[in-house]
Amino acid sequence: MKAESVLVLIKPDGMQKGIAGDVIGLFLAGDLKLTGLKVVQVSPRLAQAHYGHLRGQFFFKEIVTYLMGDLHAKNPVVAMVFTGPQAVSKCRKIAGATNPEEADPRSVRGKFGRVTTKGVFENLVHVSSDVKEARREIALWFKKNEILK
Ligand code: UDP
Ligand code: MG
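As the structure is a prediction and not an experimental result, all values here were calculated from the model.

Thresholds applied
- Residues numbered from 1 in each chain as written.
- Chains lettered and ligands numbered in written order.
- Predicted model: local features only at pLDDT ≥ 70, side-chain atom pairs only at ≥ 80, totals over all residues.
- Heavy atoms only, no water.
- Helix = DSSP H or I, 4+ residues; strand = E, 2+ residues; numbered from the N terminus.
- Rg over C-alpha atoms; globule rule 2.2 N^0.38 Å.
- Buried < 20%, exposed > 50% of the residue type's maximum accessible area, 1.4 Å probe, protein only.
- Near = heavy atom within 4 Å.
- Polar contact = N/O pair within 3.5 Å; in protein donor to acceptor, adjacent residues only side chain to side chain.
- Nonpolar A, V, L, I, M, F, W, Y, C, P; charged D, E, K, R; others polar.
- Arc of directions from axis to C-beta.
- Contact = heavy atoms within 4.5 Å.
- Pairing = 2+ DSSP bridges.
- Phe/Tyr/Trp six-rings, centres within 6.5 Å; stacked < 30°, edge-to-face > 60°.
- Lys NZ or Arg CZ within 6 Å of the ring centre and 35° of its normal.
- Core = buried A, V, L, I, M, F, W, Y, C linked by side-chain atoms within 4.5 Å.

### Re the overall build of the protein
Here comes step 1: Scanning the protein from terminus to terminus reveals seven helices and six strands.
Here comes step 2: Tracing the protein from N to C terminus, the helices and strands come up as β-α-α-β-α-α-β-α-α-β-β-β-α.
Here comes step 3: In terms of overall dimensions, the protein is globule-like: its C-alpha atoms have a radius of gyration of 14 Å, near the 15 Å expected for 149 residues.
Here comes step 4: By principal-axis analysis of the C-alpha atoms, the protein measures approximately 45 × 35 × 30 Å.
Here comes step 5: Scored against the burial criterion, the 149 residues of the protein give a buried share of 46%.

Listed below in structure tokens is the structure:
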């Protein structure tokens, strides 16, 4: 089966909770190759570009400030690329449903996520939604020479 790549982010709530290691471990257990990894202090520009397709949503402003760490003591983001057969669907399954209350209890979001009283899904991780979106996002977060072949 053809290999594909996916962008996985540990968002600032995961960093603030001190569980980045556990989260990375859950993704590594998915038997994909880790082909990129770095820590990023997210700028307004990067956050807005990353969520550009959600600009019209009622939660857009909130998720931009969330990704920038403004809701979590300015913590950074860990950005990773995983590569292998069905990397997108595998990583989305490991992450769990968008709403942590609906996520499988064994998934990252089910284990560690919460819904704030303001209704924001603090769901710890971002995983690209499909292969095309993954290509766009990986190019946004990584230089070519930062990713293994
Ligand atoms: N989000 C939210 N409320 C919603 C939908 C989404 O707070 O009703 C947040 C949540 O943090 C989510 C992010 O916006 O991870 C991006 O939404 P998307 O629909 O792309 O979900 P994902 O692909 O992350 O599961
Ligand atoms: Mg998405």
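### Describing the site of ligand 1
Here comes step 1: For ligand 1, the full set of nearby residues is Lys-11, Tyr-51, Leu-54, Phe-59, Ile-63, Tyr-66, Arg-92, Thr-98, Arg-109, Val-120, Phe-121 and Asn-123.
Here comes step 2: The backbone of Phe-121 places a nitrogen or oxygen atom 3.1 Å from an oxygen atom of ligand 1.
Here comes step 3: Grouping the amino acids of the shell around ligand 1 by side-chain chemistry returns seven nonpolar, two polar and three charged.

### Some details on helix H4 (residues 60-67)
Here comes step 1: Taken together, the buried positions of H4 are occupied by Phe-60, Ile-63, Val-64, Tyr-66 and Leu-67. All buried residues of H4 lie within an arc of 160° about the axis, which places them on one face of the element.
Here comes step 2: The elements touched by buried residues of H4 are strand S1 (3-10), helix H1 (12-16), helix H3 (44-50), strand S3 (77-85), strand S5 (121-122) and helix H7 (131-141).
Here comes step 3: Following H4 by one or two positions, Gly-69 has its phi on the positive side, about 90°.

### Re the pairing of S1
Each regular strand shows side chains that alternate between the opposite faces of the sheet.
Here comes step 1: As judged from the eight bridges shared by S1 and S3, these two strands associate in the antiparallel manner. Across the sheet, Val-8 pairs through a bridge with Met-80, a residue of S3.

### A closer look at the packing of aromatic side chains
Here comes step 1: Considering all chains together, one arrives at two aromatic pairs under this definition.
Here comes step 2: Judged by centre distance (6.0 Å) and plane angle (25°), the rings of Phe-27 and Phe-82 are stacked. In this pair, Phe-27 sits in helix H2 (residues 20-28) while Phe-82 sits in strand S3, placing the two residues 55 residues apart along the sequence.
Here comes step 3: By relative accessible area, Phe-27 is classed as buried at 0%.
Here comes step 4: Aromatic pair Phe-58 and Phe-59: ring centres 5.0 Å apart, planes at 90°, arrangement edge-to-face.
Here comes step 5: On the accessibility criterion, Phe-58 (77% relative accessible area) is exposed.
Here comes step 6: Take Phe-59: its relative accessible area is 29%, and that puts it in the partly exposed class.
Here comes step 7: Directly above the ring of Phe-142 sits Lys-38, whose terminal nitrogen or CZ lies 4.8 Å from the centroid.

### Brief notes about the nonpolar core
Here comes step 1: Ranked by internal contacts, the top residues of the largest apolar core, which has 21 residues, are Val-6, Val-8, Ile-10, Phe-27, Phe-82, Cys-91 and Val-125.
Here comes step 2: If you list the elements that add at least two residues to this core, you get S1, H2, S3, helix H5 (87-95) and strand S6 (125-127).
Here comes step 3: Broken down by element, the residue count for this core peaks at five residues, all from H5.
Here comes step 4: For Ile-10, the residues in contact, after removing those within four places along its chain, are Met-15, Ala-20, Val-23, Ile-24, Pro-76, Val-77, Val-78, Met-80, Leu-124 and Val-125.
Here comes step 5: If you look at the next biggest cluster of nonpolar residues, it comprises 18 residues, including Leu-46, Val-64, Met-68 and Trp-141.

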